[in-house]
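A look at the structure
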There are 2 protein chains.
Amino acid sequence: MTTEEIILQAASKIFILKGMEGSRMQEIADEAGINKALLHYYFRSKENLFDRVFMEIKNRLIPKVHLSIEKSDGIRAFVTMFISEYIDLIKEIPYLPQFFIHEINRDPSKIIKILQSGELPFTKMQSMIDADISAGKIKPIKIEHLMVNMVSMILFPIVARPIIESILFGNDPQQFSLFLDERKSVVTDFVLQAIEIKNI
Amino acid sequence: MTTEEIILQAASKIFILKGMEGSRMQEIADEAGINKALLHYYFRSKENLFDRVFMEIKNRLIPKVHLSIEKSDGIRAFVTMFISEYIDLIKEIPYLPQFFIHEINRDPSKIIKILQSGELPFTKMQSMIDADISAGKIKPIKIEHLMVNMVSMILFPIVARPIIESILFGNDPQQFSLFLDERKSVVTDFVLQAIEIKNI
DNA sequence: GTCTATATGCAGATAGAC
DNA sequence: GTCTATCTGCATATAGAC
């Protein structure tokens with residue numbers, strides 16, 4: 001592992017935990033087991049280092065989302081798989097959603113530039129949905145609302161964790177963890193029920 | 001209006017926009033039209049000023065949430081009213097959700113202390129839901145999941161605005177604004193459909 | 001490439017005049 | 001109470017030895 005990779009990994013950890021403004025170059029250097037000056041030797045500035053970290057994270061995530069979309073053949077399969085895979089993904093990287101949300105609000109233009117490159121395959125999803133709608137299987141709903149609803153119900157509890165844990169579970173992390181486990185099936189059922197045509 | 005109130009109002013604006021770490025005392029002083037030293041005269045430290053602002057915001061918001069819960073008599077009315085009022089509330093204070101999310105993750109213990117005081121009337125909601133469940137009107141669902149689902153679908157799009165605006169709407173604020181307007185009825189329908197028993 | 005030492009700049013906080 | 005001027009400390013960044 002090269003020094004550059006060691007630095008990027010350390011910086012990634014600290015930045016994700018504390019954000020750009022909350023992180024200190026000293027802390028990143030300590031985490032990497034090297035000297036502060038070396039950070040500047042490799043990346044010139046904090047801003048530069050941050051941008052590189054942000055880009056690397058984005059490049060690791062986007063393919064995963066693509067994959068879960070491409071794999072499914074109908075809207076029901078898509079909803080089930082999407083929710084399941086998204087929740088699994090977040091368990092691996094629990095602080096990433098907060099980090100992303102904060103940084104895109106702190107400097108939206110940066111995100112806009114970084115996201116320009118890869119577009120998500122919405123056309124495929126849209127056609128899946130339209131097929132099921134015209135077949136009378138599901139209620140008419142715009143793909144934008146459906147996607148935002150699903151992503152919201154998955155990500156928001158993670159992002160708002162401290163407040164939910166406090167209000168609903170008396171600051172008991174175990175109870176919150178169980179709550180998250182339940183949500184995989186709860187949210188899936190919730191979404192499927194919401195979009196299905198009711199047989200009268 | 002006293003100087004203290006002017007300071008609090010200015011600090012509130014800056015802190016909400018930029019967060020605790022992203023805000024500068026100089027900027028708050030400029031916003032208030034006074035000198036930096038006066039901030040310290042009134043509030044001794046930045047930390048202190050921030051805590052006061054945070055407390056004031058909390059005291060302004062909690063009663064609103066209580067009210068919308070107390071007013072409704074059944075679960076359908078509650079869902080409809082809750083979503084509607086929450087979305088209206090956010091339109092007035094569009095940066096507040098991000099601010100809250102960031103600060104509770106930056107220093108969760110602070111929130112825990114501040115939130116200790118007032119509890120939300122969950123018992124009333126729970127009994128409303130239980131009544132409708134045993135009457136066979138709605139599907140069994142835990143109040144925790146229902147509440148989190150609703151709040152998520154309302155707040156997350158605001159919190160993730162830049163990324164949604166970028167991916168879904170090509171960075172067109174007007175399209176995003178229309179999208180938010182649609183959500184009042186879309187989310188209400190979505191939730192009601194999801195919890196209703198289907199007549200076969 | 002990696003280090004120690006140092007410069008530079010800025011933000012929070014204080015002293016003291018009015 | 002409100003100001004100007006100043007202190008102090010810290011974080012980013014650079015210089016220069018090895």
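Okay, so let's go over this structure. Here the structure is a predicted model, which is why all the values come from computation and not from measurement. (Residues numbered from 1 in each chain as written. Chains lettered and ligands numbered in written order. Predicted model: local features only at pLDDT ≥ 70, side-chain atom pairs only at ≥ 80, totals over all residues. Heavy atoms only, no water.)

Let us now look at the pattern of salt bridges. Following the criterion strictly, the structure yields 28 salt bridges over all chains and no others. Between Lys 142 of chain A and Glu 182 of chain B there is a salt bridge, with the nearest N and O atoms lying 2.7 Å from each other. You can see Lys 142 of chain A sitting in the loop between α8 (122-134) and α9 (143-159) and its partner Glu 182 of chain B sitting in helix α11 (residues 173-195), one on each of two chains. Look at Lys 142 of chain A and you get partly exposed, because its relative accessible area is 44%. A single network of salt bridges, built from pairs that share partners, joins Glu 47, Asp 51, Asp 107 and Lys 110 of chain A. (Salt bridge = Lys/Arg side-chain N within 4 Å of Asp/Glu carboxyl O. Helix = DSSP H or I, 4+ residues; strand = E, 2+ residues; numbered from the N terminus. Buried < 20%, exposed > 50% of the residue type's maximum accessible area, 1.4 Å probe, protein only.)

In the vicinity of DNA strand C, 15 residues are found, and the nearest of them are Thr 3, Asn 35 and Tyr 42 of chain A together with Met 25 and Lys 46 of chain B. Atoms of DNA strand C within 4 Å of the protein: sugar and phosphate make up 65%, bases the balance. Between DNA strand C and Thr 3 of chain A there is a distance of 3.1 Å, counted from a phosphate oxygen to a side-chain nitrogen or oxygen. At a separation of 2.9 Å, a phosphate oxygen of DNA strand C approaches a polar backbone atom of Met 25 of chain B. Of all the elements in the fold, those that place two or more residues in the surface near DNA strand C are α3 (36-43) of chain A together with α3 (36-43) of chain B. Residues belonging to the surface near DNA strand C are distributed by class as follows: 7 nonpolar, 5 polar and 3 charged. (Near = heavy atom within 4 Å. Polar contact = N/O pair within 3.5 Å; in protein donor to acceptor, adjacent residues only side chain to side chain. Nonpolar A, V, L, I, M, F, W, Y, C, P; charged D, E, K, R; others polar.)

Let us now look at the interface of chain A and chain B. Many authors give the size of an interface as the accessible area that is lost as the parts come together. Opposite the 51 residues of chain A that make contact, chain B presents 51 residues. Here chain A meets chain B over a buried area of about 4,600 Å², counting both sides, of which 71% is carbon and sulfur. Counting the surface chain A buries against chain B, the share from its top three residues, His 145, Phe 156 and Phe 190 of chain A, is 15%. Across the contact surface, chain A and chain B share 13 residue pairs in polar contact (both at pLDDT 80 or more). (Contact = heavy atoms within 4.5 Å. Buried area = accessible area lost by both parts, 1.4 Å probe.)

Residue and element names in this part refer to chain A. Structurally, Asn 48 is set in helix α4 (residues 46-71). On the basis of relative accessibility, which here comes to 29%, the residue Asn 48 falls in the partly exposed class. Each C-alpha atom of the pair Asn 48 and Asp 73 lies 41 Å from the other, and the pair is 25 residues apart in sequence.

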